[in-house]
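# What the coordinates show
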Amino acid sequence: MKVMTLLIEPLIPALRRYAHGLMRDRATADDLVQDCLERAITRWHQRREDNDPRSWIFTILHNLAVNRMRQRQRRGPHISIEDADEDALALPPPQEERLRHDDLMRALDGLPADQRALLLLISVEDLSYAEAADVLKVPIGTVMSRLARARERLRRAVEGESTRVTAPGAHLRRVK
Amino acid sequence: MNNGPITEGDLHAFVDEALGPERRIEVAGHLANHPELAQRVQSYRRQRGELRAALAPVAEEPIPPELHLARMIKAHRTSRTARWQAAAAAVLILGIGGAGGWTLRSVFQPPRAGIGALAQEATDSYAVFAPDRVRPVEIMATDRSELIQWASQRLSRPVAVPDLSTSGYRFIGGRVIATAHGPAVLFMYDDDHGTRLVLLSRDMAIDKNAPMAQHSRGLITGFAWADKGIGYSLVGHISSQLLHSLADEARRQLGND
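Residues numbered from 1 in each chain as written. Chains lettered and ligands numbered in written order. Predicted model: local features only at pLDDT ≥ 70, side-chain atom pairs only at ≥ 80, totals over all residues.

Let's shift gears to the overall build of chain A. Along the backbone of chain A there are 8 helices and 0 strands. Starting at the N terminus and ending at the C terminus, chain A contains elements arranged as α-α-α-α-α-α-α-α. Expressed as a percentage of its 176 residues, the buried residues of chain A come to 37%. Counted over contacts in chain A with a minimum sequence separation of 6, partners at least 24 positions apart contribute 60%. (Helix = DSSP H or I, 4+ residues; strand = E, 2+ residues; numbered from the N terminus. Buried ≥ 20, exposed ≤ 12 C-beta atoms within 10 Å, placed from the backbone. Contact = placed C-beta atoms within 7 Å.)

Have a look at this one:
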């Protein structure tokens, strides 16, 4: 378990960041990370040695997040005061920058969950395309096409174009 | 050099800095000739930077106490001690069963001396000390020399600690205990799963040399032997095959001293 602490502890800030970006709700995000760590502790010995610990733990977290989002969907969208945008930012940056970040995060929220997850894993968590494919359990070709759709859709949303129009040929699936 | 036409995938790998140096130059050259494409790629790069900046504060926050990994691992271990408590309860029940057999003691009297008595003492010590989560040993392995000095003094002979670490059992410490046959020294070991073993050793008045023999009581198994007037018993709640090999290893090391 000492090895586990050494390998997993440094990843906790990144796990929190990913959960925050995905769920956009502080309490839910940290709750997910806690579930994830508990699961990791009980499954540590079943982990294959050659399995990269980062992909391994992100997979656990991602699957928990997907389950949580499904529950949300069943219960209808959960909107609370805590969901207000600024809670993602602990140390408020200068006003203008903060507003821009708020817009960006709102636009990110408008993306389908699978695109949002991929964009965060690649752009923020620096997972390689192969690692992201491993975490999301999709072929690498799907990673590439989904990434292209996600970036284009987010760009158009931020730059004020309709989010309904995306990259040519892109097929959109509404998640919520 | 040309590695084929620039694809949408190349553009994203360019944004993510995931291209090899050659391809990177090719993509950059292509973008220089296609301003609209360059603008889109630039927009993706900005998007990437802003996403990172917007979420960076979360990763810089102190980790909330409920996500303290070492503490969570410890709590997980504590829940596992419930299993040890169950084992201790089993020992107690066996003890009660033993008391019920008191009337039969003339028939099944436990050995009062020799290797049989040593086996009893070792099993009793295991039952008492191995489930102890607070202070299973009096002196920890970190104060090994102090423990050896103390035990050697009480047993009036130099004692040695066998090293079972190659089999995955770490020495965690020991103590001197009382037996009907004088002081004995107890050494304790554990493995990564928290499984503990006890090695008990004392001077033998009879059975000064005895071949290794297996003894068991309930789920607790032991291997006892004596060599040149000193008796040993290694006890644990593991497979007798593994315990036997560990006892052989201990005997080999102790015989060389």
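Across the interface, helix α5 (residues 95–109) of chain A lies against helix α3 (residues 35–60) of chain B with an axial gap of 10 Å and an inter-helix angle of 105°. Our classification of the angle between α5(A) and α3(B) gives roughly perpendicular. On the side of α5(A), the interface is formed by His101(A), Leu104(A) and Met105(A), while α3(B) contributes Glu50(B), Leu51(B), Ala53(B) and Ala54(B). Counted by class, the contact of α5(A) with α3(B) contains 5 nonpolar, 1 polar and 1 charged residues. (Axes fitted to C-alpha atoms, helices over the stretch in contact; angles between N-to-C directions. Parallel < 35°, antiparallel > 145°, perpendicular 65-115°, else oblique. Nonpolar A, V, L, I, M, F, W, Y, C, P; charged D, E, K, R; others polar.)

As a further point, take the interface of chain B and chain A. Counting from both sides, the interface comprises 28 residues of chain B and, opposite them, 35 residues of chain A. Of all the secondary-structure elements, those providing two or more residues to the side of chain B that touches chain A are α1 (8–15), α3 and α4 (69–100) of chain B.

A few words now on helix α2 (residues 12–23) of chain A. Residue and element names in this part refer to chain A. Between the first and last C-alpha of α2 there are 16 Å, a value that for 12 residues agrees with the 16 Å anticipated at 1.5 Å per step. Summarising burial for α2: 10 of the 12 residues are buried, a large majority. What α2 keeps buried is the set Ala14, Leu15, Arg16, Arg17, Tyr18, Ala19, His20, Gly21, Leu22 and Met23. Backbone geometry just after α2 places Arg24 at a positive phi near 60°. (Expected span 1.5 Å × (residues − 1).)

This brings us to unusual backbone geometry. Glycine aside, a negative phi is what most residues show, and trans is what most peptide bonds show. Residues and elements named next belong to chain A. With a phi angle near 60°, Asp126 is a residue other than glycine that sits in the positive phi range. Locating Asp126 in the fold gives a position in the loop between α6 (113–124) and α7 (129–136). Its identity is not glycine, yet Lys137 carries a phi of approximately 55°, on the positive side. Considering the arrangement of structural elements, one finds Lys137 in the loop between α7 and α8 (140–158). A count of 10 C-beta atoms within 10 Å places Lys137 in the exposed class.

Another point: the pairing of strand β5 (residues 210–217) of chain B. On a regular strand, one side chain projects to one face of the sheet and the next to the other, so that they alternate. All names here are of chain B. Pairing analysis gives 6 bridges linking β5 to strand β6 (residues 220–227), with the strands arranged antiparallel. What sits directly across from Arg217, in β6, is Ile220. The antiparallel pairing of β5 with β6 creates a hairpin that spans 2 residues between the two strands, and Gly218 there sits at a positive phi of about 60°. (Pairing = 2+ DSSP bridges.)

Once that is clear, we can look at the confidence of the model for chain A. Fine structural detail should not be taken from predicted coordinates in areas where pLDDT scores are low. Residue and element names in this part refer to chain A. Of the residues in chain A, 80% reach a pLDDT of 70 or more, and the chain-wide mean stands at 82. Counting interchain partners and residues more than four positions distant, the pLDDT-below-50 stretch residues 78–90 has 23 contacts. Here residues 162–172 is a poorly scored stretch, pLDDT under 50, and it has 15 contacts once near neighbours within four places are set aside; other chains count. (pLDDT = per-residue confidence, 0-100.)

All names here are of chain B. Looking at the element boundaries, Pro158 is found in the loop between α6 (144–155) and β2 (170–179). Residue class for Pro158 comes out exposed when judged on the 11 C-beta atoms lying within 10 Å of it. Sequence separation between Pro158 and Ile148 is 10 residues, and the spatial gap between their C-alpha atoms is 7.8 Å.

This paragraph deals with the sheet that holds strand β3 (residues 182–190) of chain B. All names here are of chain B. Taking strand neighbours across the sheet as the criterion, the 7 strands line up as β1-β2-β3-β4-β7-β6-β5 in an open arrangement whose pairing is antiparallel. Edge positions in the open sheet fall to β1 (139–140) and β5, since each of these has one partner strand only. Bridging between β2 and β3 involves 9 bridges; their strand directions are antiparallel. Residue Thr179 lies in a different strand from β3, and its bridge partner there is Gly182. Lying on the sheet, helix α5 (residues 114–129) is in contact with β2, β3, β4 (196–203), β5, β6 and β7 (230–236); it crosses β6 at an angle near 135°. Sheet contacts for α6: β1, β2, β3 and β4; angle to β2, the most-contacted strand, approximately 25°.

Helix length check: α3(B), at 26 residues, gives a terminal C-alpha distance of 37 Å against a target of 38 Å (1.5 Å per residue), a fit within 8%. Largest kink in α3(B): about 35°, centred on Ala54(B), with the proline Pro57(B) one to four residues after it. For α3(B), every residue scored as buried is listed here: Val41(B), Tyr44(B), Gln47(B), Leu51(B), Ala54(B), Leu55(B) and Val58(B). Against α2, α5, α6 and α8 of chain A together with α1 and α2 (21–33) of chain B lie the buried residues of α3(B). (Bend = angle between axes of the 7 residues up to and from the residue.)

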